[in-house]
Structure formats: structure tokens, C-alpha cells
Amino acid sequence: MEAIVLAAGYSSRANTFKMTLPLKQMTILEQTVSKFDGICSRIIVVAGFQAEIIREEIAKLSSKNAYSFELKFVYNEDFNKGMFSSIKRGCKEVNSASVFITPGDCPLVKKETVQLLAKQTGTVVIPSFNFKGGHPIKLSSEVKQKILETNPDSNLRAVLGRYEKNYINVKDPGVVMDVDTQEDYQRALDYDKT
């Protein structure tokens, strides 16, 4: 199994480049990718804005030899067209039968949640906390193919609307917590202490 981690955005609401902000002895990006250790053979990190910073971060993580997965840096030259363009770019690299997709700014998901999702069957598997869908989502190769065939002006919601979804209720608020703003970052730092 592989995972696509989306790290191409502008971080505009955070007023800083959030992927390399520190969170519990790691960066936000490393916290996010570390949850796939032992579950995925390869993590495809899609960069766009500040791509060189992401490339350096991935080189640092790879040189640590701390993880069982291979990290692949991919540049999305159309990142300014939005997240769906990065999802499409990441899907071009996927070789496995199913794939996780998550934004790089979702660092608080528990590894146990990712392990649970990996065991689930279904075309579209989505973790849910208090009946709110979150990340990472797990997609079959059929959905990955449909993403690749879909017009770049579309979006993931439109693609997933064609499929039955398997929602997995988890006791993990991290699936619905991302770091979009300074307030979110402060919440993440505080959450980490609990």
C-alpha cells in the first residue's frame, strides 16, 4: 500500500509555512508521514509552493533511516490550480492496489487509526469522528484511475460522489484536526500535551 501526502499549498491562512513547523520533536510534515510507518511501502509527497523546502525536509527524513517506507518527492507544477491537481499528480505515481490520501497538515491522526483503516475493505474508506468525515482516506485502484481520468477543473468530492463510502467511526479526534491557522497550530500543540 502507498500514501499520497499533499504538501503543495500556500499555507496562506497560517501566515507561515506550516509543513515545517515543529510539533513534538518533529515537523508537522514528519508527524503526518510517520503515521504510515509499517503500513505503507511508499509515501508520495506532492509539493508545489515552497517545493525546495519540502524537498529538503524529505531528504532529511530519508537520511534518518527511521522509517520502513520509501519517501518520494513529486513536484506539481499546477499546484496553483488547487488541491485536486496535486491529488491527480500524486495518483500518477501510485503502483499499489489501494492508496491513502491525506493533506500534509493532518499530523494528529493516531497510527492505530491508520492501521485500522488499512484493514478495511471498500472502494472509498473514510475515518469518521463524531459523524464527521476526516483523513486519511483510503481509495481503491478503481477510484485512483477515475481521478486520473477526471477533468482537472473538477474536485475529489465530485469523483467520490460516484462511489459508495465505507465510513469507519474512530475515537480519534485527530482525523478531523488540521493545521490551517495559527489557532489550529496552537490547538495542535495543546492537544499534544493531553
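Residues numbered from 1 in each chain as written. Predicted model: local features only at pLDDT ≥ 70, side-chain atom pairs only at ≥ 80, totals over all residues. Heavy atoms only, no water.

Visitor: Mind laying out the side chain of Asp105, listing which residues take part and the relevant values?
Guide: With respect to the helices and strands, the residue Asp105 is situated in the loop between strand S6 (98-103) and helix H4 (111-119). By relative accessible area, which is 6% here, Asp105 ends up buried. Separated by 2.9 Å, the side chains of Asp105 and Lys18 make a polar contact. For Asp105, the residues in contact, after removing those within four places along its chain, are Lys18, Met19, Ile28, Thr32, Met177, Asp178, Val179 and Asp180. (Helix = DSSP H or I, 4+ residues; strand = E, 2+ residues; numbered from the N terminus. Buried < 20%, exposed > 50% of the residue type's maximum accessible area, 1.4 Å probe, protein only. Polar contact = N/O pair within 3.5 Å; in protein donor to acceptor, adjacent residues only side chain to side chain. Contact = heavy atoms within 4.5 Å.)

Visitor: Go over the nonpolar core, please, and point to the residues and values.
Guide: Judged by nonpolar contacts, the single largest core of 29 residues is most densely connected at Leu29, Val33, Phe36, Ile43, Val45, Ile54 and Phe100. The set of elements that each furnish at least two residues to this core consists of strand S1 (2-7), helix H1 (28-34), strand S4 (42-47), helix H2 (51-64), strand S5 (70-75) and H4. If you look at the next biggest cluster of nonpolar residues, it comprises 21 residues, including Val46, Phe84, Val94 and Ile126. (Core = buried A, V, L, I, M, F, W, Y, C linked by side-chain atoms within 4.5 Å.)

Visitor: Now, about the environment of Cys106: what can you tell me, with residues and values included?
Guide: Take Cys106: it is sitting in the loop between S6 and H4. Accessibility expressed as a relative area gives 4% for Cys106, which makes it buried. Residues Cys106 and Gln31 lie 75 residues apart in sequence; the distance between their C-alpha atoms is 8.3 Å. Residue contacts for Cys106: discarding those within four places in its chain leaves Thr32, His135, Met177 and Asp178.

Visitor: Account for H4, naming residues and giving values.
Guide: Within H4, the full set of buried residues consists of Thr113, Val114 and Leu117. In a view along the axis of H4, the buried residues occupy a sector of 100°, so they form one face of it. Of the exposed residues in H4, the ones pointing more than 90 degrees away from its buried face are Glu112 and Lys119. The secondary structure elements touched by the buried residues of H4 are S6, strand S7 (124-129), strand S9 (137-140) and strand S10 (165-169). (Arc of directions from axis to C-beta.)

Everything listed is a geometric property; what it means functionally is a separate question.
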